[in-house]
Amino acid sequence: LYSIGFYYARKAVLKERQLRIAEEEKYHLQEEKLRLEKVNLQGEYAFLRSQINPHFLQNTLNFFYSKSMNVSRQLSDGILLLAEIMRYALATDETGDGKVLLSKEIEHLKNIIKINQLRFSGSLYINFSIEGKMDGIKIIPFVLISLAENTFKHGELMDEESPVTIELKIDNARECLVFYTCNKKTTGPKELSSGIGLVNIRKRLEWMYGNNFTFSTTEEQDIYKTRLELKY
């Protein structure tokens, strides 16, 4: 009886050890997969940025701006806005942690709204509001901007009764922010969407923040909403 008991006890211990080793191997494989995906995404991003010489583009836009000042104020303002947008998109002065100041991200978002308004002669209905202080807060770039641009791409922008809503609320006490968008779906021809943008956003958030964020989308008959809550 003692031998039988010892045999089964030893067998149970060995089985538990094997399960633990298998779980550890599975965890390491998942970590390695995420690391490789991150490296691949960073490589794609670096490749895209390398296709454009930022100095050449900046100098060209500055040239167009100076030449257009005496022709059309609206045109020169549009070129200046585009120059600012491209400067931010191609900037290489990010800190080692891959984040930028929230204030810069919001400034870029405002420029995108302005240039879209210029394109449509100020006829777009967009309500953009900010609550809380942004001083010193840093986040990964282009997440908030991508969510806002999604409303421009798929939303009805010229309905005065259903304006696009973009809200940023910062809770400094809890060290978190909430970014919310809501738009009426466009009734005209729709751009094809693969959904890659939202998948990319979620992956970047997972890599940088782990479980310190929630991201959700809500789709109703004619309304689309996104909500991101992030512990910065």
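Definitions and limits used
Residues numbered from 1 in each chain as written. Predicted model: local features only at pLDDT ≥ 70, side-chain atom pairs only at ≥ 80, totals over all residues. Heavy atoms only, no water. Phe/Tyr/Trp six-rings, centres within 6.5 Å; stacked < 30°, edge-to-face > 60°. Buried < 20%, exposed > 50% of the residue type's maximum accessible area, 1.4 Å probe, protein only. Salt bridge = Lys/Arg side-chain N within 4 Å of Asp/Glu carboxyl O. Helix = DSSP H or I, 4+ residues; strand = E, 2+ residues; numbered from the N terminus.

Colleague: Would you explain the packing of aromatic side chains in this entry?
Modeller: Any two aromatic rings considered together are summarised by their centre-to-centre distance and by the angle between their planes. Going through the model one piece at a time under the given rule, you end up with two aromatic pairs. Their ring planes at 50° and their centres at 5.8 Å tell us that Phe63 and Phe64 sit as a pair that is tilted. You can call Phe63 partly exposed: its relative accessible area is 45%. A relative accessible area of 42% means that Phe64 is categorised as partly exposed. Look at Tyr88 and Phe142: their rings are 5.5 Å apart centre to centre, the planes differ by 65°, and that puts the pair in the edge-to-face class.

Colleague: Would you mind showing me how to read the pattern of salt bridges here?
Modeller: Oppositely charged side chains are able to pair whenever their charged atoms sit close together. Scanning the model with the defined rule gives seven salt bridges in all. We note a salt bridge from Lys184 to Asp159, for which the minimum N-O separation is 2.8 Å. Highlighted residues: Lys184 in strand 5 (residues 176-184) and Asp159 in the loop between helix 5 (143-154) and strand 4 (164-171), separated in sequence by 25 residues. Relative accessible area serves as the criterion here: at 23%, Lys184 is assigned to the partly exposed category. A relative accessible area of 18% means that Asp159 is categorised as buried. Here Arg174 ties to Glu229 by a salt bridge, and the two come within 3.0 Å at their closest N and O atoms. A residue pair is termed long-range when its members are at least 10 positions apart, and Arg174 in the loop between strand 4 and strand 5 and Glu229 in strand 7 (residues 223-231) qualify at 55 residues. What you see here is one network of salt bridges that share partners, running through Asp171, Arg174, Arg227 and Glu229.

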